[in-house]
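Read off the chains here:
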Amino acid sequence: MILHRKMIPLVTSKHLRETMRASQYLITTKKDSPADAEVISHKLMLRAGMIRKVASGLYSWMPLGLRVFRKVESIVREEMDRSGALEMLMPVVQPADLWAESGRWGQFGPELLRIKDRHDREFCLGPTHEEVITDIIRNEISSYKQLPANFYQIQTKFRDERRPRFGVMRTREFCMKDAYSFHSNAASLQETYDIMHATYSTIFERAGLIFRAVLADTGSIGGSHSHEFHVLAESGEDAIVFSSEGDYAANIEKAAALAPEGAAPSPQLELTEIATPGVHTIADLCQFLDVEPAETLKSLIISAEDDSGKTQLYGLMLRGDHELNEVKAQEVLGLTSKISFATEKQIKEALKCSPGSIGPTNLGLPLVVDSSAAVLSDFACGANHDGYHFTGANWQRDTGDYMVADIRNVVAGDASPDGRGILEIKRGIEVGHIFQLGTKYSEAMNATVLDENGKQQFMSMGCYGIGVSRIVAAAIEQNNDENGIIWPESIAPFQVAIVPINMHKSDSVKQTCETLYTQLTESGYEVLFMDEAKARLGGMLADVELIGIPHRIVVGDRGLEAGTLEYRHRRDSENQHIALNDIVNFIKEHAFKNS
RNA sequence: CGGGGCGUAGCGCAGCCUGGUAGCGCACUACACUGGGGGUGUAGUGGUCGCAGGUUCAAAUCCUGCCGUCCCGACCA
């Protein structure tokens, strides 16, 4: 790009680009969506010309898309400011030393993009900013009197995702609002946490999203108490769980499965080994024995590093119809490192049999039994002997010592942990996450203040994230039809579109449009004027609908002869005829004004 | 990282099996007609067929390796 070296002598308004005229804008809509787009928001964002891919997980925001992005950003900024948080801006590139201090340089894994500068010093691209902010605050704040304090930024993050997907929904480079609060006591942290909870709710409401706050696992960020904010959508990557009667809502990672009441019935059958050639899965076994999955036992072998860094295998036992919850299992086993399924090779070496024939009898590994599986009796399971299974297996009589715990994912229909109704499962897109970190980072990085008694104490911390770019995609997932996007008014790139018919032939159409454009613009609306002289009606309407502009005014000679214009909301299927003199007031009554 | 698919014009695709001329639709340019829901016609622009080797007189096509990319599984705003 060449910068103009000469001063431009005089710029009159006539020469300024009128950026809301289609003829001066860049509208790059497409009929076909690129073959690699899978979810609706990705397809529509590409078709509407909002974003363009640069590489996997890296997107450019085109002028149209950026307008929406900025709207979301403004809502987030306004509400954060209103909450009392202070905006600042930290660097994307962060020194390795800080990450070494918190211990995360080693923990974070390949998601952290590590780079070296010309002096061979190590840095990373910031995936989050706990280290940087804690470093700043430990130097800047030294008294409890300066607390609580909450700082935020809206900034580009980089996470080298193993699998970027769904367009702007899961990218490697993305925009996040991240906030970090500091406190001298737990009550103060809880107070700010509650304020952030309320602030987030306001933000997502203002953005026109249907969302739910749910209990969440804290993951690699660490900390204790945590909520996620999910936009409800079929394409969501997370399963979220609701109580049918009460307020309980949680991510499935976190949702507790209540232990069944009572103990396992006494054994009735003898333990019998039977040949089960070709039976490897629960489905195979059920068909072979003609039993239900809930009468069988699913045996999983997982592999994890213990505290000394040694790889250890564990046997996890679930009812045949249940699925392992890895977060719970990791917690139950008291492991700090992530667990993974043992490979076929590991299993064969340790157990001398294949994954399809494992069972709890004489397994020789630490055993955790899910509480639903622990009340089974006379069940079918693998015999730890290739090609054989047991029937009539029973706990204690046929197994060694084991631990009983909740290690499964809840399923729809389970009793709600709050005792009110049953659980339902829906899909959600995580757009926000708030955590109470406690003193995890302040202890690691020695961030202290003096308290009332002049004693040093570690600050408590909270952190609060919102995926700004992800909100744009989530809004589309929730608001679209076969013709394209239907923007919530508060984040629409333009509120109103003016579509002329045969403007190049009709002075009255042209004049009416120009006047209307000026009036609406001066009234504070963002108006997209489809002013290209020879554009065809069909194409313009298709574009306006694809782009998702909420209010559309069509101006044609036919209407003008009767003194009317045609108005249609993006969600309507019929036109309304509005008198020419009333149209500005009509828009004022019906359209959202951005400023 | 494991499993699978795909790389041919800006986008969507055909051609590959059976080696020999690179093709279609959309978009784009020009002109004409048309003009109330992606119109019609004529004439055009645009591709080292992902990259590198190999086989062959000859490779988009066959072989090998690499790269990119997407989807499905384990992570996260």
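Computed from a predicted structure; not experimentally measured. (Residues numbered from 1 in each chain as written. Chains lettered and ligands numbered in written order. Predicted model: local features only at pLDDT ≥ 70, side-chain atom pairs only at ≥ 80, totals over all residues. Heavy atoms only, no water.)

1. Here we look at the overall build of chain A
Convention followed: The helix count covers DSSP runs of H or I at least four residues long, the strand count covers runs of E at least two residues long, and both are numbered beginning at the N terminus. Burial classification: accessible surface area is computed with a 1.4 Å probe over protein chains only, and a residue below 20% of its type maximum counts as buried, one above 50% as exposed, and the rest as partly exposed. For this analysis, residues touch if any pair of their heavy atoms sits within 4.5 Å. Each accessible area is a Shrake-Rupley result for a 1.4 Å probe, and residues are judged covered by the shown protein chains and nothing else. In this charge count, Lys and Arg are treated as positive and Asp and Glu as negative; neither His nor the chain ends contribute. Every charge is mapped to an atom, namely NZ of Lys, CZ of Arg, CG of Asp or CD of Glu.
In terms of helices and strands, chain A carries 15 helices and 31 strands. Viewed in the frame of its principal axes, chain A has a C-alpha envelope of about 95 × 65 × 50 Å. By residue count, 50% of the 595 residues in chain A fall in the buried class. Sequence separation of 24 or more characterises 69% of the internal contacts of chain A that already satisfy a separation of 6 or more. Only carbon and sulfur atoms are counted for the fraction: they give 49% of the accessible area of chain A, which is about 28,500 Å². The averaged location of the 82 negative side-chain charges in chain A is 9 Å from the averaged location of its 61 positive side-chain charges.

2. Concerning the sheet that holds strand E5 (residues 114-116)
So the rule is basically this: Note: two strands are recorded as paired if DSSP finds a minimum of 2 bridges between them. Fitting a line to C-alpha atoms yields each axis, with helices limited to the stretch in contact; the angle taken between N-to-C directions then spans 0 to 180 degrees.
With respect to topology, three strands assemble into an open sheet ordered E4-E6-E5, the strand pairing being antiparallel. One side of each edge strand has no neighbouring strand; the edge strands of this open sheet are strand E4 (93-95) and E5. The sheet shows a mean angle of 40° between the axes of neighbouring strands, taken without regard to direction. Bridging between E5 and strand E6 (residues 122-125) involves three bridges; their strand directions are antiparallel. Within the sheet, the bridge partner assigned to Lys-116 lies in E6 and is Glu-122.

3. What about the protein's contact with RNA strand B?
Threshold: By convention in this text, a residue qualifies as near a molecule or strand provided that one of its non-hydrogen atoms is within 4 Å of it. Here a polar contact is taken to be a pair of N or O atoms separated by no more than 3.5 Å, where protein atoms must pair a possible hydrogen donor with a possible acceptor and residues adjacent in sequence count only if both atoms sit in side chains.
As a structural note, the neighbourhood of RNA strand B is formed by 58 residues, with Arg-162, Asn-502, His-504, Arg-536 and Glu-566 the closest of them. The sugar-phosphate portion of RNA strand B accounts for 45% of its atoms within 4 Å of the protein, the bases making up the rest. Contact distances for RNA strand B include 2.4 Å between a sugar or linking oxygen and a side-chain N or O atom of Asn-502. Taking Lys-505, its side chain carries an N or O atom lying 3.1 Å from a base nitrogen of RNA strand B. Within the residue set of the surface near RNA strand B, elements represented by two or more residues are strand E1 (51-55), strand E8 (173-183), strand E21 (423-438), helix H13 (537-547), helix H14 (557-561) and strand E30 (564-569). Of all the elements, H13 adds the most residues to the surface near RNA strand B, at seven residues.

4. Some points on the pairing of strand E18 (residues 379-382)
Here E18 pairs with strand E19 (residues 388-393) via three bridges, running antiparallel. Bridging from a neighbouring strand, Gly-382 pairs with His-389 of E19. Taking the residues that link successive antiparallel strands as the turn, the E18-E19 hairpin has five residues, and the phi of Asn-384 there is positive, at about 55°.

5. Quick look at helix H2 (residues 63-82)
For an α-helix the count is 3.6 residues per turn, leaving residues at separations of three or four pointing the same way. Short version of the rule: Expected span of a helix: the number of residues minus one, times 1.5 Å.
For H2, spanning 20 residues, the distance from its first C-alpha to its last is 28 Å, which sits close to the expected 28 Å at 1.5 Å a residue. Phi turns positive, to about 100°, at Gly-84, one or two residues after H2.

6. What about the state of the cysteines?
The cut-off we apply is this: When two cysteine sulfur atoms are found within 2.5 Å, that pair is recorded as a disulfide.
Throughout the structure, instances matching the rule amount to zero disulfides. Sulfur of Cys-353: no disulfide; nearest cysteine sulfur belongs to Cys-381 and is 11 Å away. Residue Cys-381 is classed as buried on the basis of its relative accessible area of 0%.

7. A short note on the layout of surface pockets
What counts is decided by this rule: A pocket, in this scheme, is an open set of points on a 1 Å grid over the protein atoms alone with protein on both sides within 12 Å along at least 5 of 7 lines, while a cavity is a set where a 1.4 Å probe fits but cannot get out; residues line either one if an atom lies within 4 Å of a point. Grid points are joined across faces, edges and corners, and a volume is the space filled by probe spheres set on the points. Just so you know the grouping, Ala, Val, Leu, Ile, Met, Phe, Trp, Tyr, Cys and Pro go in nonpolar, Asp, Glu, Lys and Arg go in charged, and all remaining residues, Gly too, go in polar.
Estimates place the volume of the second largest pocket at around 240 Å³. Residue lining of the second largest pocket: 15 residues in total, with Asp-36, His-42, Lys-53, Tyr-59 and Gly-167 positioned closest to the centre. For the lining of the second largest pocket, the class distribution of residues is five nonpolar, four polar and six charged.

8. Focus: helix H1 (residues 40-47)
Among all positions in H1, only Ser-41, His-42, Leu-44, Met-45 and Leu-46 are buried. Downstream of H1 by a residue or two, Gly-49 has a phi angle that is positive, lying close to 75°.

9. Re the packing of H2 against helix H6 (residues 186-206)
This is how the line gets drawn: Convention used here: angles under 35 degrees read as roughly parallel, angles over 145 as roughly antiparallel, angles from 65 to 115 as roughly perpendicular, and any remaining angle as oblique. Here a crossing is called left-handed whenever its near helix is offset anticlockwise from the far helix by less than a right angle, and right-handed whenever the offset is clockwise.
Two elements in contact, H2 and H6, have axes whose closest approach is 10 Å; the angle formed by their N-to-C orientations is 150°. Comparing the axis directions of H2 and H6 gives the class roughly antiparallel. The chirality of how H2 crosses H6 is right-handed. Together, Ile-75, Val-76, Glu-78, Glu-79, Met-80 and Arg-82 of H2 and Met-196, Thr-199, Tyr-200, Thr-202, Ile-203 and Arg-206 of H6 make up the contact between the two elements. Looking at side-chain class alone, the contact of H2 with H6 contains six nonpolar, two polar and four charged residues.

10. A short note on the sheet that holds strand E28 (residues 527-529)
Across the sheet, five strands lie side by side as E28-E27-E29-E30-E31; this open sheet has mixed pairing. The sheet is open, and its two borders are formed by E28 and strand E31 (576-579), each paired with just one other strand. Ignoring strand direction, the axes of neighbouring strands in this sheet form an average angle of 25°.

11. Brief notes about a nonpolar patch on the surface
Heads up, the condition is: Only residues whose relative accessible area exceeds 30% and that form no salt bridge are eligible for patches; like-charged ones are grouped when within 9 Å, while nonpolar side chains (Val, Leu, Ile, Met, Phe, Trp, Tyr) are grouped when within 5 Å. Here, a salt bridge means any Lys or Arg side-chain nitrogen found within 4 Å of an Asp or Glu carboxyl oxygen.
On the surface, a nonpolar cluster with roughly 180 Å² of combined accessible area is contributed by Val-92, Val-93 and Ile-115. Secondary-structure assignment places Ile-115 in strand E5. Here Ile-115 falls in the partly exposed class, since its relative accessible area comes to 32%.

12. Focus on the pairing of E6
Each regular strand carries side chains that alternate between the two faces of the sheet. Relative to E6, E4 is paired through three bridges, and the arrangement is antiparallel. Its bridge partner being in E6, Pro-95 is matched across the sheet by Phe-123.

13. Things to note about the confidence of the model for chain A
Atom-level detail of predicted coordinates should not be read off regions where pLDDT is low. The condition is simple: On a scale of 0 to 100, pLDDT captures the predictor's confidence in every residue.
Confidence in the prediction of chain A, expressed as mean pLDDT, is 90, and 95% of residues score 70 or more. A low-confidence stretch, residues 1-17 stays under pLDDT 50, and its non-local contacts, those more than four residues away or across chains, total two contacts. The complex model carries a pTM of 0.92, and its ipTM stands at 0.93.

14. Quick word on the packing of helix H12 (residues 507-522) against helix H15 (residues 583-590)
Taken N-terminus to C-terminus, the directions of H12 and H15 make an angle of 35°; their axes are 10 Å apart at the nearest point. Both H12 and H15 take part in a crossing whose hand is right-handed. Contact residues: H12 offers Leu-516, Gln-519 and Leu-520, while H15 offers Ile-583, Val-584 and Ile-587. Residues that form the contact of H12 with H15 fall into these classes: five nonpolar, one polar and no charged.

15. Some details on the nonpolar core
How we decide: As used in this record, nonpolar core signifies buried Ala, Val, Leu, Ile, Met, Phe, Trp, Tyr and Cys residues forming a set joined through side-chain atoms within 4.5 Å.
Core analysis: the largest hydrophobic core is formed by 87 residues, its most contacted members being Met-50, Tyr-200, Phe-204, Trp-487, Leu-520, Ile-553 and Ile-587. Contacts of Ile-553, omitting those with residues within four sequence positions, involve Val-496, Ala-497, Ile-498, Val-499, Leu-516, Leu-520, Leu-565, Glu-566, Tyr-567, Ile-583 and Ile-587. Counting 26 residues, the second-largest nonpolar core is a separate cluster that includes Leu-98, Met-445, Val-449 and Cys-463.

16. Comments concerning unusual backbone geometry
As a rule of thumb, non-glycine residues mostly have phi less than zero, and peptide bonds are mostly trans rather than cis. The peptide bond linking Leu-147 to Pro-148 adopts the cis configuration, its omega dihedral lying at 0°. Mapping Pro-148 onto the fold places it in the loop between helix H5 (130-140) and strand E7 (149-158). Even without being a glycine, Asn-384 presents a positive backbone phi close to 55°. Along the polypeptide, Asn-384 turns up in the loop between E18 and E19. Backbone geometry places Asn-446, a non-glycine residue, at a positive phi of 55°.

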